[in-house]
Amino acid sequence: MSQDYRLPYKDDLGFCNIIFSAIGGEGANMAAKLLFKLGVEMFDLDGGYDAKYGSEKKGTPTDVSVRFCDYGTPVRSAGPTTQPHFLVAFREFLIRPLSLNRGLQANATVIVNSTKSPEEVRDILQLNSGTVICLDATDIAAKTHSRLNMPMMAMLCYELKFDPEKVKEKVAKQWPKVAQANLAAFDAAVAQSKRATFKDDGKYPLVSFTEHRDERIGYLNMPEGGAIDATRFSTIGKNNRLSGTGFFPKFEQASCITCGMCMTVCSDPGSLKWVDGKMTGIDENYCKGCMRCVAICPSHKKGKALQFPCPEAEALTTGKKV
Amino acid sequence: MTTTSDKIKSQVRWLGNGNEAVAQAVLHCCYDGEGYYPITPSSEVGEEVAKAIAAGKTDMKYVIGTSELAAIGICTGMALAGGRVVDVTSAQGLLLKYEELSTVSGLGLPMVLNLSTREINAPLNIKNGHSDLMTMLGTGWLIFMAPTVQAAYDMNIIALKVAEEVLLPAVVAYDGFHTSHANRRIQVFENTQDVQEFLGEKPIDRILSGKSKQCSVVDTKNPKTMGPYMNDDLMNTKVVMEQKMEHALNVVIPRVLKEFAEISGREYGLVQQYGDKNAATCMVALNTAGEAAKDAVDLLDRKDEKVNLVIPMLLRPWPENQISDAVGAAKKILVAERATQYGANNFMANELGAALQKKGNNAKIIQRTYGMGGLNFRLDDALYLYDLIKKWPNVEDENEKREKWYYGVWAGDPSYNPPVVVEPIKTEDCSINAKLERPNLKELSKMPNRIEKHAACPGCGIFANINLFLRGIDGQVILLFNTGCGMVTATGFPYTSFKVPYAHNLFHNASSTATGIVEMIDKFKKDNKVSDDITVICVSGDGGDDIGMDQVIAAALRNDPFIFMEYDNKGYMNTGAQMCYSGFKGQKNSNAHVGPNQQGKLTHHKDIIEILRGTYAPYLFQAAESQPIDMIRKARRAQQIVREGGFAFGKVFSTCPLNWGLEEARCPQAVAKVVDACLHPLYEIDHGKTTLNYNPEEKGKKIAVTEAFASMGAGFAHLAKPNFATLMEETQKHVDYRWERLKAMSGSTVL
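Residues numbered from 1 in each chain as written. Chains lettered and ligands numbered in written order. Predicted model: local features only at pLDDT ≥ 70, side-chain atom pairs only at ≥ 80, totals over all residues.

## A look at the sheet that holds strand β12 (residues 314-316) of chain B
Across a sheet, strands are paired by hydrogen bonds formed along the backbone, either parallel or antiparallel in direction. Residues and elements named next belong to chain B. This is how it is decided: What makes two strands pair is DSSP finding at least two bridges between them. Strands are runs of DSSP state E lasting at least two residues, helices are runs of H or I lasting at least four, and both sets are numbered from the N terminus onward. Axes here refer to lines fitted to C-alpha atoms; in helices the fit is confined to the stretch in contact. Angles between the N-to-C directions go from 0 to 180 degrees. Two residues form a contact once the distance between their C-beta atoms, set from the backbone, is within 7 Å.
Sheet architecture is open: seven strands sit in the order β3-β2-β4-β5-β7-β6-β12, paired in mixed fashion. Since the sheet does not close on itself, it has two edges, and those belong to β3 (61-64) and β12, each with one partner. Within the sheet, the average angular offset between the axes of one strand and its neighbour, ignoring direction, is 20°. Direction of pairing for strand β5 (residues 112-117) relative to strand β7 (residues 170-175): parallel, over a ladder of six bridges. From the neighbouring strand, Thr-117 faces β7, where its bridge partner is Asp-175. Of the strands in this sheet, β5, β6 (142-145) and β7 touch helix α6 (residues 149-166), which is tilted by about 165° from β7.

Take a look at the structure:
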């Protein structure tokens, strides 16, 4: 327990607010939960760890929040923070579609998994003011055989000024089986980060928090019983890419013997462009990159029509170390 | 809210969410038993208890029922025997238990039911709302409110002590997700013994020693007939219940709250009053909304604006004197409720109004329904409502002038009408099977997809199976889904992934719903109002055939003309991988753990096809994506049966990469191995005659069950390890026994 620790930010109610934005299955929840535990156990802080919950599927964007306050400050409100001082974005591509600058406070600290420069990320985020820290957490996680949450959390702990040795001790204790990998990721994160600080130069205004939803259908025009007109409100017109692995199988027409096996295992057959009884390619607007079709596609003398696009995709979907 | 006392017991700092805190309390209360059935967002309570059982940390009995009604039936049985009993539920789960609620209270059985509140609604929503809670008001249950994670722990101990003293069951209501999934730092008792001492003797000890009026069926020296038939005397039971509630309100609850404060340092009242009692404006709100409003009271106070806040901590008995007192001098009181009574005043507004009238207080009551379906209620929302009370009725918005209105709603844009992106599927485009003697994948690739672009996890088996099966189905299709991943990922409002007519009713009754629909189709056809060739297909997970088993059996017994397709992914995957009766013995589930005292799921996999064999339904089958032509052939046969007026049921094996911990591209191989291990034999029962459609033995492909389990991902990998050898030997024997039986039937001319 440290009496010397001071929270880097405090709002009107005495809270330092952190929001994690990630894709389900990336370990943001586990990281946030551990962070909350660290704050309480190491510095006698209080606060809360909350998440935006829904039906938890792989690939669903998820918000997780940790709010810290000094012990003794009443902890009352429920649900994720709407006024973050810290934004930790596990995927840079989430920033635009989710408008992650909503509610972000002046002079915020933003940690983003990105190969771009802090200046570029500031523009994507349209950040009013604060510090942007970019790190290639995907690369660090891959190289250290850790998960994305480790480099991201390492960077956050560093910015929170949590004693790195103590944090590493807790991480090793929490996940003993992968302690070495996680600790390697921890060390790599801070070393490889790039940062820049931006003043409120009038380029981007502060954006207050609003719920991220489409309000074009409300109680005046909702179809009877909350029904959906399948001809107009179809997912077919929507971008489904966020919920995929980010990879697509490679298809070679010349090797295809039209056996149809890919069609029998594909979980979303719109992904396979079958035209007049012939497989012609992958529709990337549908395909989630599960590679089930690659696994079933037969090898024969003409070759193998569906293949992994890269070793990373094979490693991800088969668990093989490639 | 804290007090010091020399009786204070040792406590420790504890971190966790509301559900985990409730589970801590359950373990600290040393219950004798729990009947359980999972439902979001309360499932975790039972999962934590299951963990403690597997770890040998508790000797309580824990039975997972096939439904919520079954779960509370098990609890009632435990209580009839004199056990200290706990249950947990939410939303539709509570409603399915509903007929049992009055039985439990009427029979005078103490019990604690944890209600992690959730909205009950169609369209389905899994998030917070108090509509479930409000259905309990007239059931004769004590209702304790827990606004925080700390209170969720504390109220469990308080409620149990009160329940066992007044001989009424008690509900502890804490907000779904907002509390159930909120991680907080709280204090819990260090020694279970201290909680035991506080609670006093267990019911069975009090009964057998004659210290309690409670009855028990195991008290053979004093045989009692419990639950007789009753005529005119029934009215008197109502007085008994009323008197119990009065006694609880006036004597027992205040005393127990005081005793709890003495051992814990935490004081709870029948009602919390916060802010200025002399303020002209007051808000009344329950649970987390009340907590958020406290921050608003503080911030307004800093600006020297005085407001009052009242948070009832008890709904039954209703502490009306304390509440009338707590609203103080307010002239306008906004009653914020996470519930509504359509076409009438809201629940608490009515009760507060009646209480104030008795005191001659004519303060104006404004009603706002908020936060149903999980919308957050934060500081800003509370500030808005305090501002509204201050100005009301002098506000610009016409709706806000109303006494009763909804907060956090939007009107929409009536001119919004996006263009047509999907043309309805034409019957003539779906007549491919009629032209094919045998299934042909190349030709069937032309079958329009009836559903596509869903949000299921990459590699999920559900839609792979559905789409493969539907290639064998000609004509128009109506799809009816039981609750599960399938419906959740394909119909997120305002977008649907279905191109054909689709309906979702509830978790368990797609089969009965289908019966209603096929009866109407039949009638409309006879009346010449409908001429389409329509096939009705129910789709359900294996969980739907636990909770809905009776209704599937009934549809089979009636031989209703529709197809029922079960995708069996070995668990309640939509709610967090809880045990389904279809799961494999030894399988890890979130409520059946592996530990020193337990090796995962306790029983062998349910065989729904053999259960249905006794209905003599015309067509039953099992199929798998590993034999796609076989599955399509079965789809064609099922449609033929339905067109002839009969019922067809099929179970298909389905992968769940998320909850099995199985990499997506390994799914097809896992399916093939499960089939080759005879864990999911491919066969059909056509008009009572059994035929094996794929015999891995004959092909020299039969493998050990452990080899199949080893291919199913991290969630099954433990089964191939040496410490499971004895269990696996037994499983292999059992699977071989089922396989031999099947082969014998397949070779028979009468079976």
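## Focus on the confidence of the model for chain B
For clarity, the threshold we go by: Confidence of the predictor in every single residue is expressed as pLDDT, which spans 0 to 100.
The predicted model of chain B has a mean per-residue pLDDT of 97, with 99% of residues at 70 or higher. The complex model carries a pTM of 0.96, and its ipTM stands at 0.95.

## Some remarks on the sheet that holds strand β23 (residues 648-653) of chain B
Residue and element names in this part refer to chain B. A sheet is described by the order of its strands in space; here eight strands give the open sequence β17-β16-β18-β19-β23-β22-β24-β25, paired in mixed fashion. Edge positions in the sheet fall to β17 (502-504) and β25 (689-692), since each of these pairs with one other strand and no more. Ignoring strand direction, the axes of neighbouring strands in this sheet form an average angle of 15°. With six bridges connecting them, strand β19 (residues 563-568) and β23 associate as parallel partners. The residue bridging Phe-564 from the neighbouring strand is Phe-649, located in β23. Here helix α22 (residues 628-643) sits on the sheet and contacts β18 (534-541), β19, β22 (619-623), β23 and β24 (683-686); the angle it forms with β22, its principal contact strand, is near 165°. Across the face of the sheet, helix α27 (residues 725-747) comes into contact with β24 and β25 while running at roughly 115° to β25.

## Here's the deal with the interface of chain A and chain B
Let me state the cut-off plainly: As a working rule, the residues Ala, Val, Leu, Ile, Met, Phe, Trp, Tyr, Cys and Pro are called nonpolar, Asp, Glu, Lys and Arg charged, and the rest polar, with Gly in that last group.
Chain A puts 69 residues into the contact, and the matching count from chain B is 75 residues. When residues of the side of chain A that touches chain B are traced back to their parent elements, those giving at least two are α1 (28-43), β2 (45-51), α7 (261-265), α8 (292-296) and α9 (311-318) of chain A. Broken down by element, the side of chain A that touches chain B gets its largest block of residues, five residues, from β2(A). The residue makeup of the side of chain A that touches chain B, split by class, is 27 nonpolar, 27 polar and 15 charged.

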